[in-house]
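# Fold and geometry: a report
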Amino acid sequence: MVGLFKDGPHFGVEAVARTHESKVLGGGAGHFGPTPIYRYSFRKGVVVGAQIPGVIGDVDVAWLKSELGWNVDSMEVQQIGAGIGVSSALYRCVLKGPNCPSSVVVKLPALDEAAVFTSTMLRMYIREANFFGSLCNEMPVEVPVAYLAKVDEETSRFVVVMEDLSDLRVIDQNVGISIDDARAVIDAAATLHAKWWDRGDEMAQNGTTISLGDPIYPAVLPFVFGEGWEKLTKEMNLPAGILEIGPRFSERLPSLLQSLVAGPNTLCHGDFRADNILFNSDNEPVLIDFQLLGSGTGAYDVAYFITQSLTKEDASKYERELFDRWIAGLQGEGLVVDAEDLWLQYRRCALFCLAYPVIASRGMDLNNDRERTLIEMMNERFDRAVRELNLAELM
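Residues numbered from 1 in each chain as written. Predicted model: local features only at pLDDT ≥ 70, side-chain atom pairs only at ≥ 80, totals over all residues. Heavy atoms only, no water.

Below, the discussion takes up the sheet that holds strand β7 (residues 146–151). Taking strand neighbours across the sheet as the criterion, the five strands line up as β4-β5-β6-β8-β7 in an open arrangement whose pairing is antiparallel. With partners counted over all chains shown, the strands left at the sheet margins are β4 (74–80) and β7, one partner each. Each neighbouring strand pair of the sheet contributes to a mean axis angle of 20°, computed without reference to strand direction. Where helix α3 (residues 124–131) meets the sheet, it contacts β5 (88–96), β6 (103–109), β7 and β8 (158–163), and its direction lies at approximately 140° from that of β7. (Pairing = 2+ DSSP bridges. Helix = DSSP H or I, 4+ residues; strand = E, 2+ residues; numbered from the N terminus. Axes fitted to C-alpha atoms, helices over the stretch in contact; angles between N-to-C directions. Contact = heavy atoms within 4.5 Å.)

On to the sheet that holds strand β14 (residues 294–296), then. Reading across from one edge, β10-β14-β11 is the order of the three strands in this open sheet, with mixed pairing throughout. Each end of this open sheet is capped by a strand with a single partner; those strands are β10 (210–211) and β11 (266–268).

Among the secondary structure elements, Leu 148 is positioned in strand β7. As for Leu 148 and Ala 129, which are separated by 19 residues in sequence, their C-alpha atoms are 8.8 Å apart.

The next subject is the side chain of Ser 361. Mapped onto the elements of the fold, Ser 361 is located in the loop between α11 (355–360) and α12 (369–388). Here Ser 361 falls in the buried class, since its relative accessible area comes to 0%. At 2.6 Å, the side chain of Ser 361 forms a polar contact with the backbone oxygen of Val 358. With sequence-adjacent residues up to four places away left out, Ser 361 is seen in contact with Gly 228, Lys 231, Leu 232 and Ile 375. (Buried < 20%, exposed > 50% of the residue type's maximum accessible area, 1.4 Å probe, protein only. Polar contact = N/O pair within 3.5 Å; in protein donor to acceptor, adjacent residues only side chain to side chain.)

Moving on: helix α10 (residues 339–352). Along its 14 residues, α10 runs 20 Å from first to last C-alpha, staying within 8% of the 20 Å computed at 1.5 Å per residue. Taken together, the buried positions of α10 are occupied by Leu 342, Trp 343, Gln 345, Tyr 346, Arg 347, Cys 349, Ala 350, Leu 351 and Phe 352. For α10, the elements touching its buried residues are α6 (216–235), α7 (240–259), α8 (299–309), α9 (312–332), α11 and α12. For α10, the side-chain oxygen to backbone nitrogen distance between the N-cap and Glu 340 is 3.2 Å, and the N-cap itself is Asp 338. (Expected span 1.5 Å × (residues − 1).)

Another point: α9. An α-helical turn contains 3.6 residues, so any two residues separated by three or four positions project in the same direction. Compared with an ideal rise of 1.5 Å per residue, which puts 21 residues at 30 Å, α9 spans 29 Å between its outermost C-alpha atoms and is within 8% of the ideal. Of all the bends in α9, the greatest, near 60°, is centred on Tyr 318. Those residues of α9 that fall on the buried side of the exposure criterion are Ala 315, Tyr 318, Glu 319, Leu 322, Phe 323, Trp 326, Ile 327 and Leu 330. Lining the buried residues of α9 we find α4 (179–195), α8, α10 and α12. (Bend = angle between axes of the 7 residues up to and from the residue.)

The following block contains the structure:
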């Protein structure tokens with residue numbers, strides 16, 4: 001089903017309905033409620049004359065009218081996602097009016113300057129805005145509908161207005177994902193990776209994604225890892241496995257990153273963890289947050305998910321089962337894969353995953369219970385991986 005969204009004066013492109021989803025996930029008012037959900041394609045970069053808000057206060061009734069053509073009588077704004085994501089600031093806007101959704105989620109750059117610096121250097125805001133301008137319409141798994149996505153590629157000032165998925169089931173990563181849900185996520189990962197299998201280098205070359213082997217990573221990651229490492233070692237007691245790996249990690253990063261693009265390369269979500277995965281009423285995964293979308297080994301997503309989204313106990317019990325399930329899923333899509341080589345890639349990716357909690361901590365308030373608990377949990381789960389996967393051997 002193809003048509004034009006009549007209330008989007010700056011789109012000027014087709015809106016393609018989800019073919020696998022018949023219900024309205026985010027709720028709606030007026031003509032939004034009973035109509036199908038649409039995915040919207042966006043022009044890359046900034047639309048001429050577009051007003052990209054600098055702060056949430058700039059997102060008001062007048063701005064929504066100007067940018068989306070919505071007639072909004074009133075709106076209430078609430079910050080959400082504190083302690084879950086640190087690269088962006090998230091807000092739920094409850095809207096009232098004759099021609100608008102009942103609520104949307106607005107995504108802006110982070111409030112913490114260190115997080116904005118890292119996100120800008122790694123082009124994270126550009127990646128997500130461009131995702132909604134291209135790959136979102138090709139995704140073989142469910143993703144949010146974005147009504148608007150704009151970015152200034154020189155400053156990384158950006159905004160995404162997307163459907164409110166608050167009615168979907170949320171997983172608390174600190175608690176850990178259940179094995180049944182984990183199996184569903186692994187199946188989705190296999191479907192996602194199979195679609196672009198061995199096309200990752202091509203996608204990076206044409207600018208659709210950023211390769212895990214891109215020079216930006218060895219240029220930025222050792223520096224920001226060093227800052228995060230200094231903070232963590234001062235403010236937290238770290239497990240033995242992290243203390244064994246951490247002091248040498250920065251110097252290992254450049255060669256480790258190159259090993260993650262040895263091939264075959266595919267599309268990687270890049271931040272594939274429980275906090276970025278919701279479940280619809282059919283218990284099917286819905287992926288969110290595409291700021292680290294890239295190209296590399298599919299084992300990258302799988303290793304990060306298993307080592308960081310399951311409890312230590314479940315990871316110990318089900319790790320190899322889930323990895324083998326991913327391999328079987330790829331084979332079920334008609335691919336011929338080298339399971340032994342992918343297991344080595346999995347271990348290398350698990351080693352790389354130390355970068356996540358250390359770098360993320362730079363933009364976190366470790367006096368905040370939720371944020372500190374998240375980093376502690378990630379550290380403990382990485383420590384398990386170090387021991388059981390013999391990751392020190394890969395240093």
